[in-house]
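Tertiary structure, described
Listed here are the chains, written in short residue letters.
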Amino acid sequence: MTPQKKNTTEVLHKLDFIDDDKDDIVLIAIKSNMPDYKMAYSLNRYLGVQFKKVLPEISLTENVTAFFRSFIYEDHKNHLIWRLFENKSNYTENDTDEGYSLFKNNEDLFAATHYLIPEWKNIDFFILIENTDFLFNTEELLEKLQNIKNISTQFVVDIDSLNIKSQKNLIF
């Protein structure tokens, strides 16, 4: 018995591969008056996560370099990566070669406020959760965040609503 030749122009299956990595990312905005270390501690306590400080800090460079503190938790059981980071930075370094000296006026070191995501200047922190799937319960997470003292607002941010520059700032 010889195998019959099939028509090679016939399409059996068409596979569509859309590389949309934004579907597996959840971005939550948090407004709070807590300092970063206390926010990480509160989230560790109430959410059962284990945020650890990331060194070096996130830095954005234009004509000055702004530094943003961040924390990370790798959930190996659920294959999730949680990132907590500040949206506001008051600490910058001037990129000029002048340098700083003990006797020079260094007031411009803390002069300006910079934002990691400028569209949300009123937000203090963001939680970025990577590798989420349909089983990840965002509503339950928001309810838990609502029960933490000193968190006044929390909501999910649509990453597609951010401009391209802000989306690039979220790549760590």
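Residue indices follow the written sequence of each chain, beginning from 1 at its first position. With the structure being a predicted model, the display of local features is reserved for residues of pLDDT at least 70 and the display and counting of side-chain atom pairs for 80 or more, all residues being used for whole-chain, interface and lining totals. For side-chain calculations, the full set of non-hydrogen atoms in the structure is used, while hydrogens and water are omitted.

All right, on to the overall build of the protein then. Helix and strand labels come from DSSP, where a helix needs a run of H or I of at least four residues and a strand needs a run of E of at least two; each type is numbered from the N terminus. In terms of helices and strands, the protein carries three helices and 11 strands. Along the protein, helices (α) and strands (β) appear in the sequence β-α-β-β-β-β-β-β-β-β-β-α-β-α when read from the amino end. Within the protein, the proportion of its 172 residues that are buried is 35%. Long-range pairs, those at least 24 residues apart, make up 68% of the contacts in the protein with a sequence separation of at least 6. In short, Shrake-Rupley with a 1.4 Å probe defines the accessible areas, and a residue's cover is counted only from the protein chains shown. Approximately 12,200 Å² of the protein is accessible, and the part contributed by carbon and sulfur atoms is 51%. Each residue gets one of three labels from its accessible area relative to the maximum for its type: buried under 20%, exposed over 50%, partly exposed in between, using a 1.4 Å probe on protein chains only. Two residues form a contact once any of their heavy atoms are found within 4.5 Å.

Buried together is how nonpolar side chains tend to be arranged in soluble globular proteins. To qualify as a nonpolar core, a set must consist of buried Ala, Val, Leu, Ile, Met, Phe, Trp, Tyr and Cys residues joined through side-chain atoms within 4.5 Å. Counting residues in each nonpolar core, the largest one holds 24 residues, and the members touching the most others are Leu43, Trp82 and Leu145. Looking at this core, the elements that each hand over two or more residues are strand E1 (25-32), helix H1 (36-47), strand E5 (70-75), strand E6 (80-86), strand E10 (125-130) and helix H2 (138-146). The biggest single contributor to this core is H1, with four residues. Here Leu145 is in contact with Ile28, Ile30, Leu43, Leu47, Ile127, Ile151 and Gln154, once residues within four sequence places are set aside. Residues Phe85, Ile123, Phe126 and Leu128 belong to the second largest nonpolar core, which totals 15 residues.

Turning to the pattern of salt bridges, a few remarks are in order. Whenever a carboxyl oxygen of Asp or Glu lies within 4 Å of a side-chain nitrogen of Lys or Arg, that contact is scored as a salt bridge. Counted under the stated rule, the structure contains six salt bridges. In this structure, Arg69 engages Glu86 in a salt bridge whose closest nitrogen and oxygen atoms are separated by 3.4 Å. With Arg69 in the loop between strand E4 (64-68) and E5 and Glu86 in strand E6, this pair connects stretches of sequence that are 17 residues apart. For Glu86, a relative accessible area of 12% gives the class buried. Via salt bridges that share partners, Lys31, Lys88 and Asp124 belong to a single interconnected network.

Moving on: the sheet that holds E6. Paired strands, as defined in this entry, are two strands with at least two bridges between them according to DSSP. Taken in spatial order, the six strands of this open sheet run E2-E5-E6-E10-E1-E11, and their pairing is antiparallel. Edge positions in the open sheet fall to strand E2 (52-53) and strand E11 (151-157), since each of these has one partner strand only. As defined by bridge partners, E1 adjoins E11 across six bridges and the pair is classed as antiparallel. Bridged to Lys31 within E11 is Thr153.

Another aspect to go through is the side chain of Arg83. Mapped onto the secondary structure, Arg83 falls in strand E6. In terms of polar contacts, Arg83 uses its side chain to reach the side chain of Glu130, at 2.8 Å. Pairs of N or O atoms are called polar contacts if they sit within 3.5 Å, as long as, within protein, a hydrogen donor faces a hydrogen acceptor (for residues adjacent in sequence, only side-chain-to-side-chain pairs).

Quick look at the packing of aromatic side chains now. Only the six-membered ring of Trp is used, alongside the rings of Phe and Tyr, when aromatic pairs are assigned; centres must lie within 6.5 Å, and planes under 30 degrees apart are stacked while those over 60 apart are edge-to-face, with the rest tilted. Applying the stated criterion to the full structure yields four aromatic pairs. The interplanar angle of 70 degrees and the centroid separation of 6.2 Å between the aromatic rings of Trp82 and Phe136 together place this pair among those described as edge-to-face. Residue Trp82 is found in strand E6, and its partner Phe136 is found in the loop between E10 and H2; the two are separated by 54 residues along the sequence. Each member of the pair, Trp82 as well as Phe136, carries the same accessibility label: buried. Considering the side-chain rings of Trp120 and Phe155, the 5.1 Å spacing of their centres and the 55 degrees angle between planes classify their relative orientation as tilted. With Trp120 in the loop between strand E9 (114-115) and E10 and Phe155 in strand E11, this pair connects stretches of sequence that are 35 residues apart. Aromatic ring contacts, followed pair by pair, group Tyr73, Trp82 and Phe136 into a single cluster.

With that out of the way, let us pick up the packing of H1 against H2. When two helices pack together, their arrangement is given by the angle between their axes and by how far apart the axes lie. Lines are fitted to the C-alpha atoms to define the axes, a helix being fitted only along its stretch in contact, and any angle between axes, read from their N-to-C directions, falls within 0 to 180 degrees. Running from N to C, H1 and H2 cross one another at 120 degrees; their axes reach a closest spacing of 10 Å. Between H1 and H2, the angle is such that the two are oblique. Like other packed secondary-structure pairs, H1 and H2 cross with a definite hand, here right-handed. Contact residues: Leu43, Tyr46 and Leu47 in H1; Leu141, Lys144 and Leu145 in H2. A per-class count over the contact of H1 with H2 returns five nonpolar, no polar and one charged. Throughout, the term roughly parallel applies to angles under 35 degrees, roughly antiparallel to angles over 145, roughly perpendicular to angles from 65 to 115, and oblique to all others. Handedness of a helix crossing follows the sense of rotation of the near helix relative to the far helix, less than a right angle counterclockwise being left-handed and clockwise being right-handed. The residue classification treats Ala, Val, Leu, Ile, Met, Phe, Trp, Tyr, Cys and Pro as nonpolar and Asp, Glu, Lys and Arg as charged. All others, Gly included, are polar.

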